[in-house]
Amino acid sequence: MGRGITVYIIFFIFMRKLVLYKTKYGSTKLYAEWLNKGVKDTDLLDIKDFNQIDRYSYSHFIIGSCTYMGKILVRDFLIDNWDFLRRKRVFLFSVGNIPLNNYESIKSYKQIPGYIRDNLIGYTKLPGRIEPKELGLFNRLLVRFIGKSNTGDKMNKELLEEVKQYII
């Protein structure tokens, strides 16, 4: 009987999931919080605190990143930590207002090395929000140049259902 409990506890520990996020203006953090509340046995952590936890107790890593200036900002984190993460189940989502199948989104995703992209259990891009009044001067000018059609809140909690299918 004691052995069965040990096996169950070990199985439970290895089914833990960690939602990591890197955010610039809060959209990625909000998606990460929604995932954390909507998926059992999930912890939430800002990516900058990754080295301060017992990362070996997690079987799944759901990594969220903002997309800024055509770059998925967790790219370097993935490269730096891939030796560890490649042994885990890793799902990546990025957040930005350019659609997933747009050339610019595809280009930013392909900046992540192929050896990482090929071993993710999934990837998606989710719409974010841009509130010009929250931006600095440079980014406000950039938004004005690009056009106001990219501003506003386009976030959609229901889009996380696709992500949940990969990690439950």
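Please refer to the structure placed before this passage.
Counting from 1, residues in each chain are numbered in the order their sequence is written. Given that the model is predicted, a residue must reach a pLDDT of at least 70 before its local features are reported, and side-chain atom pairs must reach 80 or more before they are shown or counted; all residues, however, enter totals for whole chains, interfaces and linings. The side-chain numbers reported here are obtained from all heavy atoms of the structure, hydrogens and water having been left aside.

**Some details on the nonpolar core**
And then number 1: Take the buried Ala, Val, Leu, Ile, Met, Phe, Trp, Tyr and Cys residues and link them wherever side-chain atoms come within 4.5 Å; each set so joined is a nonpolar core. A simple rule labels every residue: compare its accessible area, found with a 1.4 Å probe on the protein chains alone, to the largest value its type can have, and call it buried under 20%, exposed over 50%, or partly exposed in between. Counting 22 residues, the largest nonpolar core has L20, F61, I63, L85 and L92 as its most contacted members.
And then number 2: For helices the rule is a DSSP run of H or I covering at least 4 residues; for strands it is a run of E covering at least 2, with both sets numbered from the N terminus onward. Listed by contribution, the elements that provide at least two residues to this core are strand 1 (17-22), strand 3 (60-68), helix 3 (75-85) and strand 5 (89-95).
And then number 3: With 5 residues, helix 3 is the single largest residue contributor to this core.
And then number 4: Here I63 is in contact with L20, I47, V74, F77, L78, L85, V90, F91, L92 and F93, once residues within four sequence places are set aside.
And then number 5: V19, A32, L35 and V39 belong to the second-largest nonpolar core, a separate cluster that totals 15 residues. Here a residue-residue contact requires only that any non-hydrogen atoms of the pair lie within 4.5 Å.

**Concerning the pattern of salt bridges**
And then number 1: Here a salt bridge means any side-chain nitrogen of Lys or Arg lying within 4 Å of a carboxyl oxygen belonging to Asp or Glu. Enumeration over the complete set of coordinates arrives at 6 salt bridges.
And then number 2: In this structure, the salt-bridge partner of R16 is D43, at a minimum N-O distance of 2.5 Å. Of this pair, R16 sits in the loop between helix 1 (2-14) and strand 1 while D43 is found in strand 2 (residues 42-46), placing the two residues 27 residues apart along the sequence.
And then number 3: Look at D43 and you get partly exposed, because its relative accessible area is 27%.
And then number 4: Here K48 and D46 are joined by a salt bridge, their closest N and O atoms 3.8 Å apart.

**Re the packing of helix 2 (residues 27-38) against helix 7 (residues 160-167)**
And then number 1: Comment: axis = line fitted to C-alpha atoms, over the contacting stretch for helices; angle = value between 0 and 180 degrees taken between N-to-C directions. With their axes 11 Å apart at the nearest point, helix 2 and helix 7 run at an angle of 50° to one another. As far as their axial angle goes, helix 7 and helix 2 are oblique. The two elements helix 2 and helix 7 meet at a crossing, and its hand is right-handed. In this structure, helix 2 uses Y31, W34, L35 and G38 to contact helix 7, whose residues at the interface are L160, V163, K164 and I167. If an angle is under 35 degrees, it is roughly parallel; if it is over 145, roughly antiparallel; if it lies from 65 to 115, roughly perpendicular; otherwise it is oblique. In this scheme the crossing of two helices becomes right-handed for a clockwise turn of the near helix relative to the far one and left-handed for an anticlockwise turn of less than a right angle.

**Here's the deal with the packing of aromatic side chains**
And then number 1: Each Phe, Tyr or Trp ring, with Trp reduced to its six-membered ring, pairs with another whose centre is within 6.5 Å; inter-plane angles below 30 degrees give stacked pairs, above 60 give edge-to-face pairs, and intermediate values give tilted ones. Tallying each qualifying case throughout the model produces 9 aromatic pairs.
And then number 2: Between F50 and F77, the aromatic rings sit 5.1 Å apart at their centres with planes inclined by 85°, giving edge-to-face as the arrangement. With F50 in the loop between strand 2 and strand 3 and F77 in helix 3, this residue pair connects regions lying 27 residues apart in the sequence. Comparing F50 with F77, the two get one shared label, buried.
And then number 3: One aromatic cluster in this structure is built from F50, Y56, Y58, F61, F77 and F84.
And then number 4: Sitting over the face of the ring of Y68, K24 holds its NZ or CZ atom 4.5 Å from the ring centroid. Both a distance and an angle decide whether a charge sits over a ring: NZ of Lys or CZ of Arg must be within 6 Å of the ring centre and within 35 degrees of the ring normal.

Fair warning: the whole summary comes from geometry, so function is off the table for now.
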